[in-house]
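A structural walkthrough
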Amino acid sequence: MRLKYIKLTKVLTVLLVLIFISCGVGKGGGDKEPNNKIDQANDITLGQPFSLTINPKGDMDWFKVNLTEQGYLKVQASQVPEEINLEITFALYQEWEGKKEKRLRGWRRLPDALFIPEAGTYYFVIKDDYDDASSGKPAQFKVDFLVEFDPTEANNAAEHAKSVEIGTDLKIAVYPAEDQDWLKVKVEKQGYLTIKSKNVPEGITPEVKYFVFDEWADPKVKTIRSWKRMPDACFVSKTGDYFLLFHDDYDDGASETPYDLKIEFLDEMDQYEPNDNFEDAKTIKQGDTINLAIFPTDDQDYYKIKSSKARKIKFLAKDFSDITPEIRLYVLDTKDPNKLKHSSDWKKCPAEFDVKAGQEYFVLVHDDYDDASSPEPFEIRIE
């Protein structure tokens, strides 16, 4: 009788251990069902592995963790059954709201991380991507907290742009994926903001976009130069604050290692700027020699010229480097005086055109492919 009791005790012990393991209870917490709703979320311990199973189909497992400072919540998975494609999203718990989940962003595949702007309790839920697969085999998980390593954060919105001084050495990080960082600088005169980067981690291709900000406008930010890879520069015509937005080119790269960034200012070298729009075209005439610069890339410079009689005019260029200047003539569109229509083909210098008497022409000068620039001025003579 005593032998049977001992055997039964051993069997029960094994069963309890199996139940204990299958529930994922142990180091770091785990998948203690039911946890399919945010208010049933299991507590987990940072840095301690745990397991969970996605079973049955449609199973969603919620977890929560208390964080005490700004940084990043990082979730990793291993030994995931082949039939399961795990996704995660993060949320805050709104106990008194009609919808208790306040999602912090959309679903993403694991591994993933979330920027944590302040202390608090943060929630996340894990599931199969299409809710059409399940497995009795557990996957292994580990949740870590990374202390803030980007000195410019928190700056994920224009309203939170970090003020920086022109000419200072900066550190900036792209983390997690889709991270976008806003900076702002004060400019005292017309010229060019130049942006350089170095020591960029593998897998990151940083880009920059330029804005002016008006809190009374809708939208509050107005683009003045779209996404460009670095090094890059942007023409600024007025004094004031300029906003810069940085990201990875496809928003699919991330690194916990910051890279070096430098924002500098280059004085105006082109006496005719601003003339990037035909409304700002500067008047020139035959016999003039003008000094200009095609800078930065995509720079287009407009001039206007009128001849008292029909003739040929010729544009000759010298002392240019790194660019191939090209010229085209335009006239105002008679149907819409706010638009131009071209009256010639593009021609590389030396470029000769036939003009009519009394007709005002707009002369557009640019680099032939708009992919090269130089801050060094060069000369164009009009004959």
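Quick look at the overall build of the protein
Broken down by element type, the protein carries one helix and 29 strands. Relative to the 2.2 N^0.38 estimate, which gives 21 Å for 383 residues, the radius of gyration of the protein is 31 Å and therefore markedly larger than a compact globule would have. If you line up the protein on its principal axes, its C-alpha atoms span 125 × 40 × 40 Å. The buried share of the protein, reckoned over its 383 residues, is 42%. Pairs at least 24 residues apart make up 72% of the contacts formed inside the protein by residues separated by at least 6 positions. Total accessible area computed for the protein in this model is approximately 20800 Å², and 50% of it derives from carbon and sulfur atoms.

A closer look at the packing of aromatic side chains
Taken as a whole and judged by the stated rule, the model has 17 aromatic pairs. For the pair Trp182 and Phe211, a centre-to-centre distance of 4.9 Å together with 45 degrees between the ring planes defines the contact as tilted. Taken together, the residues span a long stretch of sequence, with Trp182 in strand β13 (residues 181-187) and Phe211 in strand β15 (residues 206-213) at a distance of 29 residues. Just as Trp182 is buried, Phe211 falls in that class too. Where Tyr192 meets Phe235, the ring centres are 5.5 Å apart and the plane angle is 50 degrees; that geometry is what we call tilted. One end of the pair, Tyr192, is in strand β14 (residues 191-198); the other, Phe235, is in strand β17 (residues 232-236), with 43 residues separating them in the sequence. With relative accessibility at 1%, the residue Tyr192 sits in the buried group. Under the relative-accessibility criterion, Phe235 is labelled buried at 16%. In this structure, Lys127 packs its charged tip against the face of Trp107, placed 4.6 Å from the ring centre. Above the ring of Phe353, the side-chain terminus of Lys347 is found at 4.8 Å from the ring centroid.

Concerning the pattern of salt bridges
For the coordinates displayed, the defined rule picks out 24 salt bridges. With a shortest N-O distance of 2.8 Å, Arg103 and Glu101 are connected by a salt bridge. Taking relative accessible area as the criterion, Arg103 reaches 34% and is therefore assigned partly exposed. With relative accessibility at 18%, the residue Glu101 sits in the buried group. One network of salt bridges, with partners in common, ties together Arg105, Arg108, Asp112 and Glu178.

About the thresholds
Residues numbered from 1 in each chain as written. Predicted model: local features only at pLDDT ≥ 70, side-chain atom pairs only at ≥ 80, totals over all residues. Heavy atoms only, no water. Helix = DSSP H or I, 4+ residues; strand = E, 2+ residues; numbered from the N terminus. Rg over C-alpha atoms; globule rule 2.2 N^0.38 Å. Buried < 20%, exposed > 50% of the residue type's maximum accessible area, 1.4 Å probe, protein only. Contact = heavy atoms within 4.5 Å. Areas by Shrake-Rupley, 256 points an atom, 1.4 Å probe, with all protein chains shown as cover. Phe/Tyr/Trp six-rings, centres within 6.5 Å; stacked < 30°, edge-to-face > 60°. Lys NZ or Arg CZ within 6 Å of the ring centre and 35° of its normal. Salt bridge = Lys/Arg side-chain N within 4 Å of Asp/Glu carboxyl O.

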